[in-house]
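# Breakdown of the fold
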Amino acid sequence: MRFFPWGFWLLCVISAPARGDSGGKARSCTEVRQLYGAKGFSLSGVPQAEISGEHLRICPQGYTCCTSEMEENFANKSRSEFEAMMKEAGRAVQMTLTAQHRSFDSYFQDLLNKSEKALYDAFPSLYGELYTQNVKVFKDLYSELRRYYRGSNINLEEALNEFWTRLLERLFKLMNPQYHITDEYLDCMVKHAEQHRPFGEVPRDLKVKATRAFIAARSYAQGFLVGSDVVKKVSQVSLSHECTRAIMKLTYCPHCRGMSNVKPCNNYCLNVVKGCLANQADLNTEWKYLMDSLVVVADRIDGPYNVDTVIGTIHMRISEAISNLQENKDSITAKVFQGCGNPKISTKGSSSEDKKRWGKVALEAKSSAQALEMLVLDAKGNLTALKTYWITLPGSLCSKKIMASSVADDKCWNGMTKGSYLPEVMGDGLANQINNPEVEVDITKPDMTIRQQIMQLKIMTNRLGNANIGNDVDFQDASDNMSGSGSGDSCPDDVCGKRLSKSPSTRQPETHAIPKQSGHGINGASSRSLPSAFLLLLSVAFLAVQHLWR
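For clarity, every value in this text was computed on a predicted model and none was experimentally measured.

## Quick notes on the state of the cysteines
- A complete count under the given rule lists six disulfides for this structure.
- The disulfide partner of Cys-66 is Cys-256, and the gap between their sulfur atoms is 1.9 Å. Its torsion about the S-S bond being -85 degrees, the disulfide of Cys-66 and Cys-256 is classed as left-handed. You can see Cys-66 sitting in the loop between helix 2 (30–38) and helix 3 (68–127) and its partner Cys-256 sitting in helix 10 (residues 253–256), a full 190 residues away along the chain. Note on accessibility: Cys-66 and Cys-256 belong to one class, buried.
- Note on cysteine connectivity: Cys-188 is disulfide-linked to Cys-340, with sulfurs 2.0 Å apart. Between Cys-188 and Cys-340, the S-S torsion sits near -95 degrees, and that sign places the bridge as left-handed.

Encoded structure:
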């Protein structure tokens, strides 16, 4: 008499998980069919109603609306969509950095252009043949300054010294047209120039201020470009095989389970994305250093190394130097004659232009200090906002792109069914993923492309640090010296070696309606069919009932 009620109860308990949360009647697959078609796939072979899911290799093996082909197509789609999300997020950062570079570059080039134009406009009337016969000396100076700013391997101090030397040689000949001055005599004159200071303190003062301003300016501009390039290259790193599976399970498995309207749990999404972007998160430290260094140099550019004051007045300083030479012409000439001897009298007569006294007109520079201040303020605001980009990226993708549920939601997709998600959220970076419950991450194999970009950030930060104290920096690309490229996850497991196993003791219990398959459903043990499991459990139940009957 006890057999029927006990046996019936046990059979009900055993058979309940076979249909999971699908109920007694097979549910329609209309929603997943619509989604599948909208993604561009053929509806041929797509079930009209739920089928047994023992064939699934990524999604839970309960009753499902997805065939093996659909699961594979969804996996590939989830990979391409996630990589597109990464590139889109990266493009927004790139646009911010390139816009800042463009604004500053335009401002700086405009300063230099205006200074050069002011020189060309004023000097012909001020200095006559001094300018017309030697215009190339001035053009060469501005050309060298531009080349240095753009990153050419030029010694700026030497370029400025060369300018003053060439200018002095030509001025000395113009000041003394009655003498035949040879190149050898000019060499002697140049050797004594330092002690005579023919241009006063202008060359020395300009060299100190201009080099600091140019070093800071070009490092600052280059910093934005390097940051943008790093984001571009890192955003193009492909997903690993394990991440493709995890993203598929996060985004498309709920559709296969007939839960199209259920959002992924927020913490579940964070664990998946943090595991997939573990290498990217390791950029965080050096990225923050770069952003901070750019802010510091921005303050220098608008402060002690003020480019508006220095670059915008180069033509004025040159005019001031020439005026100094003009005022001290006699004493300087006497000192040169004393040190190098009297040159021979020239047989060529002096022209009226030679005898013309050079004009002395006060040049003005139009200040754009307010524009510089606004540029720097805007840049500092953007740089501060971007400091935490790499570690806030997972949260941003989950909330804005994947549309995860709220943190407190207990009826969200947890990877197996609709419910709460209990595992803790992993930390940021590769080292913190050893116990990630959602993504199998080999923490011993960092992505080499990303490691190269970390090195680029370090190099650029070092350049900015040097620029901050006025030291010249070398802009040779260090990436040519880096060995290896590509993703560290691109090689097969049998080549790369066995991946680290996750310790189950560190995970919190999961509340899943269907037991989680070991090995993510990829091996033979996790691919057993539900009917086989049912028969095994039925046999156990029968033995239990038989024991009770006795």
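Next comes the rest of the account.
## Digging into unusual backbone geometry
- One non-glycine residue, Arg-197, adopts positive backbone phi at about 50 degrees.
- Structurally, Arg-197 can be placed in the loop between helix 7 (183–196) and helix 8 (202–235).
- Non-glycine residue Met-403 carries a positive phi angle of around 60 degrees.
- Position of Met-403 among the secondary structure elements: in the loop between helix 19 (389–401) and strand 3 (412–413).

## As for the environment of Leu-43
- Note on placement: Leu-43 falls in the loop between helix 2 and helix 3.
- A sequence separation of ten residues divides Leu-43 from Arg-33, and the C-alpha atoms of the two residues are 6.8 Å apart.
- Excluding residues that lie within four positions of it along the chain, Leu-43 makes contacts with Arg-33, Tyr-36 and Gly-37.

## A closer look at the packing of aromatic side chains
- According to the stated counting rule, one finds 23 aromatic pairs in the structure shown.
- Between the aromatic rings of Tyr-220 and Phe-224, the centroid separation amounts to 4.9 Å while the plane-to-plane angle is 80 degrees, which identifies the pairing as edge-to-face. In this pair, Tyr-220 and Phe-224 both sit in helix 8, four residues apart, roughly one turn of the helix.
- A residue is classified by how much of its surface remains accessible, and Phe-224, at 1% relative accessible area, is buried.

Thresholds, definitions, all that
- Residues numbered from 1 in each chain as written.
- Predicted model: local features only at pLDDT ≥ 70, side-chain atom pairs only at ≥ 80, totals over all residues.
- Heavy atoms only, no water.
- Disulfide = S-S within 2.5 Å.
- Helix = DSSP H or I, 4+ residues; strand = E, 2+ residues; numbered from the N terminus.
- Buried < 20%, exposed > 50% of the residue type's maximum accessible area, 1.4 Å probe, protein only.
- Contact = heavy atoms within 4.5 Å.
- Phe/Tyr/Trp six-rings, centres within 6.5 Å; stacked < 30°, edge-to-face > 60°.

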